[in-house]
Amino acid sequence: MTDSKYFTTTKKGEIFELKAELNSDKKEKKKEAVKKVIASMTVGKDVSALFPDVVNCMQTDNLELKKLVYLYLMNYAKSQPDMAIMAVNTFVKDCEDPNPLIRALAVRTMGCIRVDKITEYLCEPLRKCLKDEDPYVRKTAAVCVAKLHDINAQLVEDQGFLDTLKDLISDSNPMVVANAVAALSEIAESHPSSNLLDLNPQSINKLLTALNECTEWGQIFILDCLANYTPKDDREAQSICERVTPRLSHANSAVVLSAVKVLMKFMEMLSKDLDYYGTLLKKLAPPLVTLLSAEPELQYVALRNINLIVQKRPEVLKHEMKVFFVKYNDPIYVKLEKLDIMIRLASQANITQVLAELKEYATEVDVDFVRKAVRAIGRCAIKVEQSAERCVSTLLDLIQTKVNYVVQEAIVVIKDIFRKYPNKYESVIATLCENLDSLDEPEARAAMIWIVGEYAERIDNADELLESFLEGFHDESTQVQLQLLTAIVKLFLKKPTETQELVQQVLSLATQDSDNPDLRDRGYIYWRLLSTDPVAAKEVVLAEKPLISEETDLIEPTLLDELICYIGTLASVYHKPPSAFVEGGRGVVHKSLPPRTASSESTESPETAPAGAPPGEQLDAVPTQGDLLGDLLNLDLGPPVSGPPLAASAVQMGAVDLLGGGLDSLIGAPSFVAPPAAAVPANLGAPMGSGLSDLFDLTSGVGTLSGSYVAPKAVWLPAMKAKGLEISGTFTRQAGTISMDLQLTNKALQVMTDFAIQFNRNSFGLAPAAPLQVHAPLSPTQTVEISLPLSTAGSVMKTEPLNSLQVAVKNNIDVFYFSTLYPLHILFVEDGKMDRQMFLATWKDIPNENEAQFQIRDCPLNAEAVSSRLQSSNIFTVARRNVEGQDMLYQSLKLTNGIWVLAELRIQPGNPSFTDLELSLKCRAPEVSQHVYQAYETILKN
């Protein structure tokens, strides 16, 4: 009979009977009783009362019974910690059992008992098992170290288990190596600054040797570890790639994706001229194609990863278009993902095939899929110029089907085609106008209005068409209202005599009857332009538009590089870095691709690009509304418009100046004449100098303030780790000079001399600017204080975390090493105040994905004090305004390597003595944002 019988009994008084059976002399009866106990525990019954009786059964040679008892122990040790100590002796004894299975079982169970009282007793058995002769025991013990570290990290470090774990990477057994790597990776993830996996060419060679022989999960751990290594040159990168390539043919898809991740990362260091580079590209395609023959869920994960790979290296799959054609029985999520990749791979060579497929898809029954297919046809037209004509005729055929959602999607994409190829396909406008009445979606209506406004001179009844939209103006969405306002102003500038009444009507609706600030602002600006200088208005409104780019949905280059480092993980499925979805961000490390070597084509990395230069290739995309600085950031900040000299009457109208001269002071343009007083609602009259100008109503000048905040000294190197030398220190910045203020104490019994100091390469190139000078020998118990000037001209290498610094100090006794974190504000330079106009333009230019939001709670300062305190640490307030009782500070700072960081600080009054601050940061190198936020918090709270 099977063990299922143990789950069927539910007698009363069972605990009492089990107690008697557990204490029976017969081994078989004991075993049966333990099985019953485990069955009850599995179905949720509380059998903790039997703890002492079950523990007594541990003393047995029967492996099956021992396993069951250990299972019970793991479950109940936490609720019965005092009783669990009874089991310690048995663990110690079992760790020395001649049977390796029992030794491994004991050490595995020890790691699972999360009771503080017991952990210290388990150190000795664990130390023995880590050096056990049997590899099965050693591999189990390696994982146990990671579990123990999770319970008590300090204990593991003090007992030297981490060093033993590092030694296991050189073990002769591949499974031990894999488990040691897995354990160290797990520990390193929870302590990013610990630098445990300090890989070098020798250890990498050992890992690659173990890679061929261990299990599939072991291979994944090793491959993930390899992906975190940065080879010293392209030759080493090629050597690693050659040894990892065989993993591409593995049956487990996780191994394949981990291998792809390593190869994608190291290919960055190979020159494209190498024959091997081409060979590697060819080898990457088949395994990725094979993943698409798996079940739909696996296909989806593979497709999301392929999407990233194709954006980084489209040449990998350029000949594999057919595998991405949609099958009739694919789930919708797979279909949509395949469609996306098809567009990315579309080229002149395969566009005929692709268009035939897309036209087929556009007649499917699934609405979402059809919409995406129609959009895809438009994206093909924009991407492959030679196919544009064929795409337009395909879209016209689809419009003739009169299927509502197909027509609406087609109109949206035809608008984009007009933007890409002006004055080329305008003959289709008549067909579009016939479908005007069927449009009910905001995006389609807005697209049609844009077309009518842009080509008003070619449409005879353009005014009637736009007037028909104007009838329900207040019921339209904001997107349609804004488009309608612009289209009617365009129409007026093209046909002023016929449409004067129409433009008056729309300006009145936008400025007086609307409560949407975006719409009102745009209405007022058009009104002022038209009333002041129609010629200037024409130049602004009818200016030549930049052509739209072919790929507006590409992932931003720095984010793409980070996601490539996370291939095969959740981040690659979400297309977001782990910090965006891992709560609390504990253990989340920002990764990036290795820099290209000199032999590859060198490009400036986004981190070292000049402050004004956009990272990677700038896309000609229109900035979205909804930036933190509102419409101000959506104004094009061109050079000052030269206009005619102002009439005297214009100045006297300051009392009803709608924008209060604010815009003029903001962008340096001459003042405008406001619309007629009668047209202005009474509550909008504002004296000169109010309105938008208040935003930048600040006293200029940097001011003379004391130096930046200095943290109290902390012990960096304890005496017990440095043979009696204790080093404490902090970092300061005074008058543009960075210093490391050190306090050296001799707690040994001998004199110390011949001091020297050296830094490892770090993210910002910090290095000693002078030797470490201790003028007299350091006698026992003596303390000396030294200020070591630092420069930022040292070697640069990105570290994790970004602000970690590894230091070596030498004296006559030995060389000692320690690492510390420096506060980022010591790198904020004195010329970090950005010009206002440049601030607005830069904020608009930095992608929204680079924006990071933080909260600083219980700050004991008001807005004035906050601004002053930050300025003393070289965080400069560019602008300040008050919105609904909340102070807003717009600030800029510049790092020593030229990276600019822009900030918006919203100050929310809390209780009388404390305020909460909301901080939004924008930067071209988003990885610095977290550290800048920490600097803000440190400065404001100390």
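Residues numbered from 1 in each chain as written. Predicted model: local features only at pLDDT ≥ 70, side-chain atom pairs only at ≥ 80, totals over all residues. Heavy atoms only, no water.

Peer 1: Got a minute to help me understand the overall build of the protein in this structure?
Peer 2: Scanning the protein for helices and strands turns up 38 helices and 13 strands. The 942 residues of the protein split such that 50% are buried. Split by element, the accessible area of the protein, about 43100 Å² in all, is 52% carbon and sulfur. (Helix = DSSP H or I, 4+ residues; strand = E, 2+ residues; numbered from the N terminus. Buried < 20%, exposed > 50% of the residue type's maximum accessible area, 1.4 Å probe, protein only. Areas by Shrake-Rupley, 256 points an atom, 1.4 Å probe, with all protein chains shown as cover.)

Peer 1: Quick question: what am I supposed to make of a negative patch on the surface here?
Peer 2: There is a patch of like negative charges on the surface, built from Glu464, Glu467, Glu471 and Glu501. Here Glu471 lies in the loop between helix 27 (462-470) and helix 28 (478-494). (Patch = residues over 30% accessible without salt bridge, like charges linked within 9 Å, V, L, I, M, F, W, Y side chains within 5 Å. Salt bridge = Lys/Arg side-chain N within 4 Å of Asp/Glu carboxyl O. Lys, Arg positive; Asp, Glu negative; His and termini not counted. Charge placed at Lys NZ, Arg CZ, Asp CG, Glu CD.)

Peer 1: Would you mind going over helix 10 (residues 135-151) with me for this structure?
Peer 2: Note on helix geometry: an α-helix contains 3.6 residues per turn, so any two residues three or four positions apart are oriented the same way. Across its 17 residues, helix 10 extends 25 Å between first and last C-alpha, which sits within 8% of the 24 Å expected from 1.5 Å per residue. Turning to helix 10, its buried residues number three or more, namely Val137, Arg138, Thr140, Ala141, Ala142, Cys144, Val145, Ala146, Leu148, His149 and Ile151. Elements that come into contact with the buried residues of helix 10 comprise helix 7 (100-112), helix 8 (116-119), helix 9 (123-130), helix 11 (153-158), helix 12 (161-168) and helix 13 (174-190). (Expected span 1.5 Å × (residues − 1). Contact = heavy atoms within 4.5 Å.)

Peer 1: Even after reading the chapter, I still don't get the pairing of strand 11 (residues 886-894), so can you show me in this structure?
Peer 2: Strand residues, when the strand is regular, have side chains that alternate between the two faces of the sheet. Among the 9 residues in strand 11, 9 count as buried, and that is most of the element. By the alternation rule, side chains of strand 11 split into Gln886, Met888, Tyr890, Ser892 and Lys894 and Asp887, Leu889, Gln891 and Leu893, which are all buried. When strand 10 (residues 876-883) meets strand 11, the two strands line up antiparallel, connected through 7 bridges. Paired with Thr877 across the two strands is Gln891, which belongs to strand 11. In this structure, the hairpin formed by strand 10 and strand 11 is closed by a connection of 2 residues, where Glu884 is found at a positive phi of approximately 50 degrees. (Pairing = 2+ DSSP bridges.)

Peer 1: Please explain the sheet that holds strand 2 (residues 725-734) as it appears in this structure.
Peer 2: Spatial strand order, 1-2-3-6-5: 5 strands in an open sheet with antiparallel pairing. Of all the strands in the sheet, the pair left with one neighbour each is strand 1 (714-717) and strand 5 (767-768). With 8 bridges connecting them, strand 3 (residues 737-746) and strand 6 (residues 783-791) associate as antiparallel partners. Considered in strand 6, the bridge of Asp741 is made with Ser787.

Peer 1: Any chance you could explain the pattern of salt bridges here in plain terms?
Peer 2: A complete count under the given rule lists 32 salt bridges for this structure. Here Asp340 makes a salt bridge to Arg379, at a shortest N to O gap of 3.3 Å. With Asp340 in helix 20 (residues 332-345) and Arg379 in helix 22 (residues 367-383), the pair connects residues that are 39 residues apart, well separated along the chain. Judged by relative accessible area, which is 10%, Asp340 ranks as buried.

Peer 1: Would you explain the sheet that holds strand 8 (residues 815-821) in this entry?
Peer 2: Hydrogen bonds between backbone groups are what pair the strands of a sheet, and the pairing can be parallel or antiparallel. Here we have 3 strands laid out as an open sheet, ordered 4-7-8, and antiparallel in their pairing. Each edge of the open sheet carries a strand with a single partner, namely strand 4 (756-759) and strand 8. Here the strands of the sheet are splayed against their neighbours by 25 degrees on average, with no regard to which way each runs. Sheet analysis places strand 7 (residues 804-810) next to strand 8, joined by 7 bridges and oriented antiparallel. Looking at strand 8, one finds that Leu805 is bridged to Thr820. (Axes fitted to C-alpha atoms, helices over the stretch in contact; angles between N-to-C directions.)

Peer 1: Can you help me understand the nonpolar core in this one?
Peer 2: If you look at soluble globular proteins, the nonpolar side chains tend to sit buried side by side. Formed by 212 residues in total, the largest nonpolar core has its most connected members in Tyr72, Leu126, Leu207, Val244, Leu358 and Phe418. Tyr72 has contacts with Val37, Ile38, Met41, Val47, Ser48, Leu50, Phe51 and Val54, leaving out every residue within four places of it along the chain. Ile757, Leu861, Leu919 and Ala925 belong to the second-largest nonpolar core, a separate cluster that totals 64 residues. (Core = buried A, V, L, I, M, F, W, Y, C linked by side-chain atoms within 4.5 Å.)

Peer 1: Explain the environment of Lys844 here, please?
Peer 2: By secondary structure assignment, the location of Lys844 is in helix 36 (residues 836-845). Along the primary structure Lys844 and Lys922 are separated by 78 residues, whereas in three dimensions their C-alpha atoms are 9.8 Å apart.

Peer 1: I would appreciate a short explanation of the packing of aromatic side chains in the present structure.
Peer 2: Think of a pair of aromatic rings as described by two things: how far the centres are apart, and how the planes are tilted against each other in angle. Taken as a whole and judged by the stated rule, the model has 11 aromatic pairs. Look at Tyr300 and Tyr333: their rings are 5.5 Å apart centre to centre, the planes differ by 90 degrees, and that puts the pair in the edge-to-face class. Here Tyr333 lies in helix 20 and Tyr300 lies in helix 19 (residues 296-312), a separation of 33 residues in the sequence. Residue class for Tyr300 comes out partly exposed when judged on its relative accessible area of 23%. Residue class for Tyr333 comes out partly exposed when judged on its relative accessible area of 34%. Ring geometry for Trp716 and Phe731: centres 5.2 Å apart, planes at 40 degrees, overall tilted. Here the residue Trp716 occupies a position in strand 1, and Phe731 occupies one in strand 2, the gap between them amounting to 15 residues. Per residue, the accessibility class of Trp716 equals that of Phe731, and both read buried. Each member of the aromatic cluster is reached from another via a ring pair, and the members are Trp716, Phe731, Phe818 and Tyr822. (Phe/Tyr/Trp six-rings, centres within 6.5 Å; stacked < 30°, edge-to-face > 60°.)

Peer 1: Looking at this structure, I do not really get the packing of helix 28 against helix 29 (residues 500-511). What am I missing?
Peer 2: Helix packing geometry: the angle between the two helix axes and the distance between the axes. Two elements in contact, helix 28 and helix 29, have axes separated by 9 Å at closest approach and are oriented at 150 degrees. By the angle between their directions, the pair helix 28 and helix 29 is classed as roughly antiparallel. Classified by chirality, the crossing of helix 29 by helix 28 is left-handed. Along its contact with helix 28, which presents Leu485, Ile488, Val489, Leu491 and Phe492, the element helix 29 presents Gln500, Leu502, Val503, Val506, Leu507 and Ala510. Its residues assigned to classes, the contact of helix 28 with helix 29 comprises 10 nonpolar, 1 polar and no charged. (Parallel < 35°, antiparallel > 145°, perpendicular 65-115°, else oblique. Left-handed = near helix turned anticlockwise from the far one by under 90°. Nonpolar A, V, L, I, M, F, W, Y, C, P; charged D, E, K, R; others polar.)

Peer 1: When you look at the pairing of strand 8 in this model, what are you seeing that I'm missing?
Peer 2: Burial of strand 8 is one-sided: the residues Phe816, Phe818 and Thr820 facing one way are buried, the residues Val815, Tyr817, Ser819 and Leu821 facing the other way are not. Connecting strand 7 to the next strand, strand 8, in antiparallel fashion are 4 residues.

Peer 1: Even after reading the chapter, I still don't get unusual backbone geometry, so can you show me in this structure?
Peer 2: Peptide bonds are, in most cases, trans, and in most cases residues other than glycine have a negative phi. Glu800 connects to Pro801 through a cis peptide bond whose omega is -10 degrees. Mapped onto the secondary structure, Pro801 falls in the loop between strand 6 and strand 7. Even without being a glycine, His575 presents a positive backbone phi close to 60 degrees. Counting through the fold element by element, His575 comes out in the loop between helix 33 (570-574) and helix 34 (648-652). His575 gets classed as buried once you look at its relative accessible area, which sits at 14%.

Peer 1: Can you walk me through the confidence of the model for the protein in this structure?
Peer 2: Detailed reading of the predicted coordinates is not advisable wherever pLDDT is low. In the predicted model, the protein carries a mean pLDDT of 79, and the fraction of residues at 70 or more is 85%. Note that pLDDT drops below 50 for residues 598-706; the model gives that stretch 170 contacts with residues more than four away or on any other chain. (pLDDT = per-residue confidence, 0-100.)

Peer 1: Is there a simple way to think about helix 19 in this case?
Peer 2: Counted at 1.5 Å a residue, the expected span for helix 19 with its 17 residues is 24 Å, and the 24 Å between its end C-alpha atoms agrees. All of the buried residues in helix 19 are Gln299, Ala302, Leu303, Arg304, Asn305, Ile306, Asn307, Leu308, Ile309, Val310 and Gln311. Elements that come into contact with the buried residues of helix 19 comprise helix 17 (253-267), helix 18 (275-291), helix 20, helix 32 (557-564) and helix 33.

Peer 1: Would you take a moment to explain the packing of helix 20 against helix 22 for this structure?
Peer 2: Running from N to C, helix 20 and helix 22 cross one another at 5 degrees; their axes reach a closest spacing of 10 Å. Accordingly, the angle class assigned to the pair helix 20 and helix 22 is roughly parallel. Within the contact between the two elements, helix 20 uses Ile332, Lys335, Leu336, Leu339, Asp340, Ile343, Arg344 and Leu345 and helix 22 uses Asp368, Phe369, Lys372, Ala373, Ala376, Arg379, Cys380 and Lys383. Tallied by class, the residues present in the contact of helix 20 with helix 22 amount to 9 nonpolar, no polar and 7 charged.

Peer 1: Could you clarify how one ought to interpret the environment of Val878 in this entry?
Peer 2: On the secondary structure map, Val878 appears in strand 10. Residue classification places Val878 among the buried positions, given a relative accessible area of 2%. Along the backbone, Val878 and Leu893 are 15 residues apart, and their C-alpha atoms lie at a distance of 9.9 Å.

Peer 1: How should I be thinking about the side chain of Glu927 in this particular structure?
Peer 2: Among the structural elements, Glu927 can be located in the loop between strand 13 (915-923) and helix 38 (929-941). Exposure remark for Glu927: the relative accessible area of 13% places this residue in the buried category. Of the polar contacts made by the side chain of Glu927, one reaches the side chain of Lys798; its length is 3.2 Å. (Polar contact = N/O pair within 3.5 Å; in protein donor to acceptor, adjacent residues only side chain to side chain.)

Peer 1: Hey, could you run me through the environment of Val541 in this one?
Peer 2: In this fold, Val541 is placed in helix 31 (residues 534-541). Considering only alpha carbons, one finds Val541 and Leu493, 48 residues apart in sequence, at a separation of 8.5 Å. Those residues in contact with Val541 that sit more than four places away from it in its chain are Val489, Lys490, Leu493 and Tyr526.

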